[in-house]
Amino acid sequence: MAVRAVVIEADGGSRGNPGPAGYGAVVRDPETGEVLAERSESIGTATNNVAEYRGLIAGLEAAAELGAAEVEARMDSKLVVEQMCGRWQIKHPGLRPLAAQAAGLVSRFTAVRFTWVPRERNRHADALANAAMDAAASGAAPAAASAKAAAREATVVRATGTDPATTPASWEPRPTEEATRLVLVRHGETERTVQKRYSGRGDVPLTERGRAQARATAARVAALAPSVAAVVSSPLSRCTATAEAVAAQVGNPPVRTDDDLIECDFGVWEGHTFAEVREGWAAELDAWLASTRVAPPKGESFVTVAERTGRAVDRLRSAYPGETVVVVSHVSPIKLVLRDALAAGDAFLHRLYLDTAGISVLDLYPDGGVAVRSVNDTSHLTDV
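Residues numbered from 1 in each chain as written. Predicted model: local features only at pLDDT ≥ 70, side-chain atom pairs only at ≥ 80, totals over all residues. Heavy atoms only, no water.

1. What about the pattern of salt bridges?
Pairing between side chains of opposite charge can happen when their charged atoms approach one another. Using the criterion set out here, one finds 23 salt bridges in the structure. Residue Asp377 is joined to Arg220 by a salt bridge in which the shortest nitrogen-to-oxygen separation is 2.8 Å. Pair noted here: Asp377 is in strand β11 (residues 370–377) and Arg220 is in helix α7 (residues 208–224), with a separation of 157 residues, a long-range link. Given the relative accessible area of 28%, Arg220 is considered partly exposed. (Salt bridge = Lys/Arg side-chain N within 4 Å of Asp/Glu carboxyl O. Helix = DSSP H or I, 4+ residues; strand = E, 2+ residues; numbered from the N terminus. Buried < 20%, exposed > 50% of the residue type's maximum accessible area, 1.4 Å probe, protein only.)

2. Observations regarding the nonpolar core
In this structure, Ile8, Tyr53, Leu56 and Leu60 are the most contacted members of the largest nonpolar core, which totals 35 residues. Residue assignment for this core shows that the elements contributing at least two residues are β1 (5–14), β2 (19–28), β3 (35–46), α1 (48–65), β4 (70–75), α2 (78–84) and α3 (96–106). With residues near it in sequence (within four places) discarded, Ile8 still touches Val26, Val27, Gly59, Leu60, Ala63, Val71, Glu72, Ala73 and Arg74. Membership of the second largest hydrophobic core comes to 34 residues, among which are Leu182, Val232, Trp288 and Leu364. (Core = buried A, V, L, I, M, F, W, Y, C linked by side-chain atoms within 4.5 Å. Contact = heavy atoms within 4.5 Å.)

3. Focus: unusual backbone geometry
Between Asn17 and Pro18 the backbone carries a cis peptide bond, its omega angle lying at 5 degrees. Mapped onto the elements, Pro18 comes out in the loop between β1 and β2. Residue Lys298 is not a glycine yet carries a positive backbone phi of 65 degrees. Relative to the helices and strands, Lys298 resides in the loop between α10 (282–290) and α11 (302–319). In this structure, Ala343 takes a positive phi of about 50 degrees despite not being glycine. The topology assignment puts Ala343 in the loop between α12 (331–341) and α13 (348–351). The class of Ala343 is partly exposed, set by a relative accessible area of 22%.

4. So, the sheet that holds β2
Sheet architecture is open: 5 strands sit in the order β3-β2-β1-β4-β5, paired in mixed fashion. If you trace the sheet from one side to the other, it starts and ends with β3 and β5 (111–116), each paired once. Pairs of neighbouring strands in the sheet enclose a mean axial angle of 15 degrees, with direction left out of account. When β1 meets β4, the two strands line up parallel, connected through 6 bridges. Note that in β4 the partner of Glu9 across the bridge is Arg74. In the packing of helix α4 (residues 123–138) onto the sheet, the strands contacted are β1, β2 and β3, and the crossing angle to β2 comes to about 150 degrees. (Pairing = 2+ DSSP bridges. Axes fitted to C-alpha atoms, helices over the stretch in contact; angles between N-to-C directions.)

5. Notes on the packing of aromatic side chains
Following the criterion strictly, the structure yields 6 aromatic pairs and no others. Ring plane angle 45 degrees and centroid distance 5.4 Å describe the contact between Trp288 and Phe302, whose orientation is recorded as tilted. Of the two residues, Trp288 is situated in helix α10 and Phe302 in helix α11; the sequence distance between them amounts to 14 residues. The same class applies to Trp288 as to Phe302, namely buried. Through a chain of ring-to-ring contacts, three or more aromatic side chains come together here, namely Tyr198, Phe266, Trp269, Trp288 and Phe302. (Phe/Tyr/Trp six-rings, centres within 6.5 Å; stacked < 30°, edge-to-face > 60°.)

6. Thoughts on the pairing of β2
With 9 of 10 residues buried, β2 is to be regarded as a mostly interior element. Examined bridge by bridge, β1 and β2 share 8 bridges and lie antiparallel to one another. By the bridge assignment, Val7 is partnered in β2 with Arg28. Hairpin connection between β1 and β2: a loop of 4 residues separates the two successive antiparallel strands, and Gly16 in this loop has a positive phi of roughly 130 degrees. Across 9 bridges, β2 lies against β3 in antiparallel orientation. Bridging from a neighbouring strand, Val26 pairs with Glu38 of β3. In this structure, the hairpin formed by β2 and β3 is closed by a connection of 6 residues, where Gly33 is found at a positive phi of approximately 80 degrees.

7. A word on the pairing of β4
Within a regular strand, the side chains alternate between the two sheet faces. In the sheet, β4 pairs with β5 via 6 bridges, with the strands oriented parallel. Bridge pairing links Met75 to Trp116 in β5.

8. As for the sheet that holds strand β10 (residues 359–364)
Strand order in the open sheet formed by 6 strands is β8-β7-β9-β6-β10-β11, with mixed pairing between adjacent strands. Lying at the two open borders of the sheet, with one neighbouring strand each, are β8 (255–257) and β11. Across this sheet, the average inter-strand angle for adjacent strands is 20 degrees, counted without regard to direction. In this sheet, β10 lies alongside strand β6 (residues 180–186) in antiparallel orientation, the contact comprising 6 bridges. Paired with Val185 across the two strands is Ile359, which belongs to β10. Lying on the sheet, α7 is in contact with β6, β9 (324–329), β10 and β11; it crosses β10 at an angle near 30 degrees.

Right, dumping it as structure tokens:
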């Protein structure tokens, strides 16, 4: 019997990139979560991205066979999601035929939405893909029963923290192409950071100690990144002052501002402490803490902030392939960039602490891979 709408969960990978590869796809009822179809296959030697596209294609084919009209495709591959949404170019010639095949399948549905999800929310498809990879590595064809068993067992092994199917993937060697390195710097101290007040769009200057932090941070960045292609900053003065100090230490590239790196707009909470907000807007605060889709009164949600910081990161990846860029921003944008880089959940935002003038480093590879090198390095601030 045909179904109106379905959710596709798809994944793929390889042991070695390229290496023995496979994919998995699950089609679910969006209301009940019932599994309507599963697909899993070893595909010989291939790259992660090829396997991920094959998983998407298999899921779309299964949804079409079920007669679905509307589809939400969920994947933990940011590259495939962004390329299918048309936001990233498909530069690798080996992926273009697969993307075209997927696009042809998309045209068969009334509506298709692509959603990036963290890996922990894609465990069923991930387990199917890992079973297929194991079969490819052993030279055997994956039995459907074995693939389904692997998916069922995923919940059990996750409880122990030792999932043998997924652990090797985290140790796969990175591609040989040079990464774009982002050195993420939070601005130096301001009066509002000292007083622990919400500081969003208000243009609050650095304190004297904040300026000293900026100089110390500049020296640390110069040691970490002898060659810097660009320094990009939020337009607010606490960031541009920090960025200018960094630029002076790394060869004086011009400081370029990007509005998408500005801090979250905290609306009517601007300038208030957490305790003051709790007293005056208790219900609104609870809702904001519970969901990244909720904005402070007359402010901006973290979902919106993540969308614009994602755009900024995409532009830097495209504009500076294989180079190092220093990005000077605020606590919320940097947390959101790190959340997405680590494929973490929203709880990460409330558990990660970022100091003023702290430094985090991540590498963005041409194939969509990400490696977080450090988070909130403050070793340079011990004497400030």
